[in-house]
Amino acid sequence: MISQLFKTFGLSTSNPGTYIGTKSLENTEYISSISPIDQTEIGRVSKTSNYQFQEVIKESKKAFLEWRKFPAPKRGDIIRQYAMELRRHKSDLGKLISVEMGKPIQEGMGEVQEMIDICDFAVGLSRQLYGKTIKSERENHQMYEQWHPLGIVGIISAFNFPVAVWSWNVAIALICGNICIWKPSEKTLFSALACQNLLCKVLSNNNIEIPISNIISGDKNQGKWLAEETEVSLISATGSVRMGREVAATVGKRLGKSILELGGNNAMIVSPNADINLALHAALFGAIGTAGQRCTSTRRLIIHSEIFDVFTEKLKNAYAQVKIGDPLDPNNHMGPLIDQNAVNQYLKCIETVQEQGGEFIIEGGLIRNRNTKSPFYVKPCAALLPPNAEIMKIETFAPVLYLIKYTHLEEAISYQNNVRQGLSSSIITNNLQEAQKFLSPEGSDCGIANVNIGTSGAEIGGAFGGEKDTGGGRESGSDAWKAYMRRQTTTINYGDKIPLAQGIKFNL
Ligand code: UN1
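Worth saying up front: this structure is predicted, and the values here are computed from it rather than measured.

Novice: Sorry if this is basic, but what is going on with unusual backbone geometry here?
Specialist: Comment: phi is negative for the bulk of residues other than glycine, and the bulk of peptide bonds are trans. A positive phi angle, close to 65°, is found at glutamine 39, a residue other than glycine. By the element assignment, glutamine 39 lies in the loop between strand 4 (30-34) and strand 5 (41-46). The residue asparagine 452 is not glycine, and still its phi comes out positive at about 60°. Looking at asparagine 452, the relative accessible area reads 24%, which means it is partly exposed.

This is the structure in structure tokens:
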């Protein structure tokens, strides 16, 4: 299967890792991509050298001078064609993501669907980069705002959504007239190269030689080069809070712009007025989807004490039905964790839960059977914890769910907000007052607040991101595009006098 995917996406077992548009550059140092499904090596990709990085910057600068001249709807048309390629390759790209990252095939294809959706959104947006007109206080004067592209946009993405989060950025940044440089996660380079090759196809079909989308491959070092580079106007980074702090400090020091989408620690409140069946589905998908490796994963269930026993009994039954195994088998709901380090974190988390007075209602542990061909498969688990347990403040990228009991809604909301992360949150209730309270300024402090929906599975049409340690950035829909452009305020005097603002007069 993998050789077929290689053929489809123009890949081989050994690939260059630096792309300047359609041109690729190889190097002598390589990164291996290992499938978490069975630990086989998919192939290798060369690391970007510092010299190659400088080339990417030089060519991106030149490219910007050309690309910014393209009318925005023409730029949109390139993204439209890219969306068509993605539609044609949805199943194959979904498979490649699943092989490389270990998420279930339906989720791999779901990720490609997010790419298609954001491309469609960006095509429409390419005709709607509207500015405001403003009433001037002076006679015969007109004011308005217009939006111009920034220049070069650097995109640092994480392994858990190897390509969708890039697409949220690249589709919008490109229609705005920017040039993009992508540093994908070193764990999912093949998925990234496949996307780049599809885009190159579109560029070639249109005889566009401008390198509008470029790739650098590597680890922290290459990420640091990108963050330090003054020619890069905006860095959009997705990943850990630790990484985000470093990027923010580096970019902030040179007064660059950044969009940060960092850790989440998302809670769902299950009220006594909840539709229990609905709550169950939402909790299950949020907690075990992508094996708990989404930044939107449900980590904490805050359950009313009146329904705690009934609900957890149902949760136990639901967990017992979760099928874990080869993510390429569409019958399975959960694949492996990404690597040994993730497994170690998971095991350490279980130990800490017990040390902090947690009581496992659904037991965790490693899974070793004939369906699991790598040591990275783990059991999703859930533990009841005292509401002040410190472990619940840390984001562990694994399917460990914390259960907390509450008696009053205010108490539940304060538990929900009592963590440093502020990405996603939800309440399951059919009570209007409870729902509105949760959505009011006294309610959830997160970037995403849902009612009768879980914490994960956000649509691209809304702005995506969160508060506090999540970094404050917003990507994808709504007016997130404004972060990829610079605002220019313009005043035109169409009279023959020059009245000064604020009533200032010169007696000349
Ligand atoms: C992420 O985990 O970084 O809302 C992104 C969701 C997905 C995106 C998650 N649409 O769960």
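On we go from here.
Novice: I tried to follow the environment of leucine 198 on my own but got confused; where do I start?
Specialist: Secondary-structure assignment places leucine 198 in helix 7 (residues 189-205). Here the alpha-carbon distance between leucine 198 and methionine 392, two residues 194 residues apart in the chain, equals 41 Å. Beyond its immediate sequence surroundings of up to four residues, leucine 198 is in contact with Phe9, Tyr82, Glu85, Leu86 and His89.

Novice: Would you mind going over the layout of surface pockets with me for this structure?
Specialist: One water molecule sets the probe size; rolling that probe over the atoms shows where empty space is left. Roughly 1400 Å³ of internal volume is contained in the largest pocket. Gly239, Ser240, Val241, Arg242 and Met243 are, among the 42 residues lining the largest pocket, the residues nearest its centre. Of the residues assigned to the lining of the largest pocket, the class counts are 15 nonpolar, 14 polar and 13 charged. Looking at the lining of the largest pocket, you find at least three residues from each of domain 1 (2-262 + 471-489) and domain 2 (266-451). There is about 210 Å³ of room inside the second largest pocket. Those elements giving two or more residues to the lining of the second largest pocket turn out to be helix 5 (105-125) and helix 10 (276-288). Of the residues forming the lining of the second largest pocket, the biggest block, three residues, is contributed by helix 10. Each residue belonging to the lining of the second largest pocket can be placed in one class, and the counts come to six nonpolar, five polar and one charged. Counting the residues that make up the lining of the second largest pocket, at least three belong to each of domain 1 (2-262 + 471-489) and domain 2 (266-451).

Novice: Is there a simple way to think about the nonpolar core in this case?
Specialist: Note on soluble globular proteins: their nonpolar side chains tend to be buried together. Core analysis: the biggest nonpolar cluster contains 137 residues, and Tyr82, Leu301, Phe311 and Leu315 have the highest contact counts within it. Built from parts of two domains, this core gets at least three residues from each of domain 1 (2-262 + 471-489) and domain 2 (266-451). If we skip the residues at most four places from it in the chain, leucine 315 touches Leu280, Ala283, Leu301, Ile362, Leu401 and Leu403. In this structure, Ile20, Phe53, Val251 and Leu262 belong to the second largest nonpolar core, which totals 20 residues.

Novice: Even after reading the chapter, I still don't get the packing of helix 8 (residues 220-228) against helix 9 (residues 241-253), so can you show me in this structure?
Specialist: To describe two helices that pack against each other, one gives the angle between their axes and the distance between the axes. Relative orientation of the contacting elements helix 8 and helix 9 amounts to 35°, with a least axis distance of 8 Å. The crossing of helix 8 and helix 9 is right-handed. Each of Lys220, Ala227 and Glu228 in helix 8 lies in contact with helix 9, whose residues at this interface are Arg242, Glu246, Thr250 and Val251. The class makeup of the residues in the contact of helix 8 with helix 9 is two nonpolar, one polar and four charged.

Novice: I tried to follow the sheet that holds strand 26 (residues 485-493) on my own but got confused; where do I start?
Specialist: The strands making up a sheet associate through backbone hydrogen bonding, with each pair oriented either parallel or antiparallel. Across the sheet, which stays open at both edges, the three strands sit in the order 6-7-26 with antiparallel pairing between neighbours. The open sheet terminates on both sides in strands that have one partner only, identified here as strand 6 (133-134) and strand 26. Inspection of the sheet shows strand 7 (residues 141-149) paired to strand 26 by nine bridges, in the antiparallel sense. Bridge pairing links glutamate 145 to threonine 489 in strand 26.

Novice: What is the right way to read the side chain of glutamate 434 from this model?
Specialist: Along the polypeptide, glutamate 434 turns up in helix 14 (residues 432-439). Salt bridges are absent for the buried glutamate 434, whose nearest opposite-charge side chain, lysine 437, sits at 11 Å. Polar side-chain contacts of glutamate 434 include one of 3.3 Å to the side chain of asparagine 273. Within the structure, the side chain of glutamate 434 is placed 2.6 Å from the side chain of threonine 429, a separation counted as a polar contact. Not counting chain neighbours up to four residues away, the residues in contact with glutamate 434 comprise Ser271, Pro272, Asn273, Leu409, Ile427 and Thr429.

Novice: When you look at the pattern of salt bridges in this model, what are you seeing that I'm missing?
Specialist: Pairing between side chains of opposite charge can happen when their charged atoms approach one another. All chains considered together, the criterion is met by 26 salt bridges. With its nearest N and O atoms 2.9 Å apart, the salt bridge here joins glutamate 442 to lysine 437. Overlapping salt bridges bring together Glu29, Lys47 and Asp219 as one network.

Novice: Whenever I open this one, helix 14 confuses me. Can you help?
Specialist: Since the α-helix turns once every 3.6 residues, residues separated by three or four places project in the same direction. Among the residues of helix 14, Glu434, Ala435 and Phe438 are the ones counted as buried. Summarising the axial view, the buried residues of helix 14 lie within an arc of 100°, below the 170-degree limit, and thus occupy one face. Of the exposed residues in helix 14, those oriented more than 90 degrees away from the buried face are Leu432 and Gln433. Where helix 14 is buried, its residues contact strand 13 (266-270), helix 13 (409-417), strand 21 (424-428) and strand 22 (448-451). Sitting at the head of helix 14, asparagine 431 places a side-chain oxygen 2.9 Å from the backbone nitrogen of glutamine 433.

About the criteria used
- Residues numbered from 1 in each chain as written.
- Predicted model: local features only at pLDDT ≥ 70, side-chain atom pairs only at ≥ 80, totals over all residues.
- Heavy atoms only, no water.
- Helix = DSSP H or I, 4+ residues; strand = E, 2+ residues; numbered from the N terminus.
- Buried < 20%, exposed > 50% of the residue type's maximum accessible area, 1.4 Å probe, protein only.
- Contact = heavy atoms within 4.5 Å.
- 1 Å grid on protein atoms, 1.4 Å probe; cavity = no way out; pocket = protein on both sides within 12 Å on 5 of 7 lines; lining within 4 Å.
- Points joined across faces, edges and corners; volume = space filled by probe spheres on them.
- Nonpolar A, V, L, I, M, F, W, Y, C, P; charged D, E, K, R; others polar.
- Domains from an automatic or database assignment.
- Core = buried A, V, L, I, M, F, W, Y, C linked by side-chain atoms within 4.5 Å.
- Axes fitted to C-alpha atoms, helices over the stretch in contact; angles between N-to-C directions.
- Left-handed = near helix turned anticlockwise from the far one by under 90°.
- Pairing = 2+ DSSP bridges.
- Lys, Arg positive; Asp, Glu negative; His and termini not counted.
- Salt bridge = Lys/Arg side-chain N within 4 Å of Asp/Glu carboxyl O.
- Polar contact = N/O pair within 3.5 Å; in protein donor to acceptor, adjacent residues only side chain to side chain.
- Arc of directions from axis to C-beta.

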